[in-house]
Amino acid sequence: MNAVAGKVALITGGGAGIGLCYAKELLRNGLKAVTLAEINKENGHNALKQIQDEFGPDKAIFVKTDVTDKGQFEDAFKTTLEKFKNIDILINNAGIMNDAVWERQIGINFVGTIYGCLLALDNYLIKYRTDREGIVVNVASISGLERFQAFPIYAGTKHAVIGLTRAWGMDMHYSRTKIRFLALCPGVTDTPLLHDCLERNLGPAYQDIMKGHLPHLTIQSPENVARALIKVINEGQNGSVWVAEHNETYEIDIPSRQQLRIRMKDPDL
Ligand SMILES: NC(=O)c1ccc[n+]([C@@H]2O[C@H](COP(=O)([O-])OP(=O)(O)OC[C@H]3O[C@@H](n4cnc5c(N)ncnc54)[C@H](O)[C@@H]3O)[C@@H](O)[C@H]2O)c1
């Protein structure tokens, strides 16, 4: 199945890093057009130029967007419709890893993702998709599945993104909305987000923890995550959670609380 061909996508934070790679990989897989909803003008223009050079002049637009501003986010949807007529796929990708400005980080990583989901659900992916199904991919992280001591608040935002996706990914919602929700959790990836990360945490104790992690990290290319996105869109069941790391893409199963429950040992054993 190719759920990408002929469709229109909007990618937040699509001006750099993994987001830009998502845009290119989607276009390689037959996407009709993409909107890069990006806060940084330089990133946006540079990304647009790269896409135009590789795919031609009419495949992408850049809309300067701060995802923490719901009005700006909605304008990105409206501009997409004016230019491309439809909108089928939303990739909530914009994110920062910066516990030093944690309120802003929650705004971008979590509140921005919620705005995107609500705009998709309340209007844009319901009314303006090309055919019967809309798709929302929420970009979380492996730190949304584990304890990440160096960046506790970043990890919290990514746990929240997974929770949100699984709840909206229930079939009860799908039967009403026909919007498929997917969570993609990249492993450590070589992008600007990773550079200077030592300066973007809660202070020296956290820097020391991160310094301890750095030599042990296996860093993958953003192209690897972009290839994973295609697999997830084509194969992922509604509400499913996927990891992309070390050239592998795999789905994970999150146990129920009863399965996770710690049982007291039987004192007679
Ligand atoms: N790089 C990694 O190791 C890694 C690992 C797991 C998950 N992720 C997640 O993948 C996503 C993309 O990360 P990346 O590594 O490509 O980061 P990046 O810093 O390379 O790119 C992020 C892009 O988002 C834009 N952006 C930032 N704030 C924004 C806002 N308020 N509104 C719109 N755009 C905004 C930036 O300008 C930038 O172009 C993030 O959600 C991140 O948490 C990254």
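Structural data are supplied above this passage.
These numbers were taken from a predicted model, which means no experiment stands behind them.

Draft legend 1. Structural context of the state of the cysteines. Summed over the entire model, instances satisfying the criterion amount to zero disulfides. C185 provides the cysteine sulfur closest to C21, a residue in no disulfide bond, and the two sulfurs are 18 Å apart. Here C197 is not disulfide-linked; the sulfur of C185 is the nearest cysteine sulfur, at 19 Å. C197 sits in the buried class, given a relative accessible area of 3%.

Draft legend 2. Quick look at the site of the ligand. Taken together, 29 residues are adjacent to the ligand, and I18, E38, N93, Y154 and T191 come closest. For the ligand, an oxygen atom lies 2.8 Å from a polar atom in the backbone of N93. Between the ligand and the protein, one listed contact pairs an oxygen atom with a side-chain N or O atom of Y154 at 2.7 Å. Calculation on the ligand without its partners gives an accessible area of 830 Å², and the protein chains cover 93% of this total. In a pocket analysis with a 2 Å cut-off to the grid points, the ligand is assigned to the largest pocket.

Draft legend 3. Representation of the sheet that holds strand β2 (residues 33-38). The strand order β3-β2-β1-β4-β5-β6-β7-β8 describes an open sheet built from eight strands, whose pairing is mixed. Unpaired on one side and paired on the other, β3 (60-64) and β8 (248-252) mark the two borders of the sheet. For this sheet the average axis-to-axis angle between neighbouring strands, irrespective of direction, equals 20 degrees. Inspection of the sheet shows β2 paired to β3 by five bridges, in the parallel sense. Its bridge partner lying in β3, T35 is registered against I61. Where helix α1 (residues 17-28) meets the sheet, it contacts β1 (8-12), β2, β4 (89-92), β5 (134-139) and β6 (179-186), and its direction lies at approximately 170 degrees from that of β1.

Draft legend 4. View of the layout of surface pockets. Considered as a void within the structure, the largest pocket measures approximately 1,200 Å³ in volume. Taken together, 50 residues make up the lining of the largest pocket; nearest its centre are G95, M97, Y154, T191 and L193. Where the lining of the largest pocket is concerned, the elements lending two or more residues are α1, β2, α4 (102-127), α5 (152-168) and α7 (204-213). When grouped by side-chain class, the residues that make up the lining of the largest pocket number 22 nonpolar, 19 polar and nine charged. Quantified by volume, the second largest pocket comes out at close to 160 Å³. Lining the second largest pocket are M1, N2, A3, K7, D131, R132, E133, I135, Y174 and R180. For the lining of the second largest pocket, the residue count by class is four nonpolar, one polar and five charged.

Draft legend 5. Up close: the pairing of β4. The alternating pattern of β4 places I89 and I91 and L90 and N92 on opposite faces, both of which are buried. The sheet contact formed by β1 and β4 spans three bridges and is parallel. Bridge pairing in β4 places L10 opposite L90. For β4 and β5, the ladder comprises four bridges, and the chain directions are parallel. Along β5, the bridge assignment pairs L90 with V136. Once you follow β4 into α4 and on to β5, the crossover reads as right-handed.

Draft legend 6. Highlighting α1. End to end, α1 covers 17 Å across 12 residues, agreeing with the expected 16 Å (1.5 Å per residue, within 8%). Within α1, 10 of the 12 residues are buried, which leaves it mostly tucked inside the rest of the structure. Listing the buried residues of α1 in full gives I18, G19, L20, C21, Y22, A23, K24, E25, L26 and L27. Of the residues one or two after α1, G30 is the one with positive phi, at around 95 degrees.

Thresholds, definitions, all that
- Residues numbered from 1 in each chain as written.
- Predicted model: local features only at pLDDT ≥ 70, side-chain atom pairs only at ≥ 80, totals over all residues.
- Heavy atoms only, no water.
- Disulfide = S-S within 2.5 Å.
- Buried < 20%, exposed > 50% of the residue type's maximum accessible area, 1.4 Å probe, protein only.
- Near = heavy atom within 4 Å.
- Polar contact = N/O pair within 3.5 Å; in protein donor to acceptor, adjacent residues only side chain to side chain.
- Areas by Shrake-Rupley, 256 points an atom, 1.4 Å probe, with all protein chains shown as cover.
- 1 Å grid on protein atoms, 1.4 Å probe; cavity = no way out; pocket = protein on both sides within 12 Å on 5 of 7 lines; lining within 4 Å.
- Sits in = over half its atoms within 2 Å of the grid points.
- Pairing = 2+ DSSP bridges.
- Helix = DSSP H or I, 4+ residues; strand = E, 2+ residues; numbered from the N terminus.
- Axes fitted to C-alpha atoms, helices over the stretch in contact; angles between N-to-C directions.
- Contact = heavy atoms within 4.5 Å.
- Points joined across faces, edges and corners; volume = space filled by probe spheres on them.
- Nonpolar A, V, L, I, M, F, W, Y, C, P; charged D, E, K, R; others polar.
- Right-handed = clockwise from strand over helix to strand, strands pointing away.
- Expected span 1.5 Å × (residues − 1).

On their own, these measurements won't tell you what the molecule is for.
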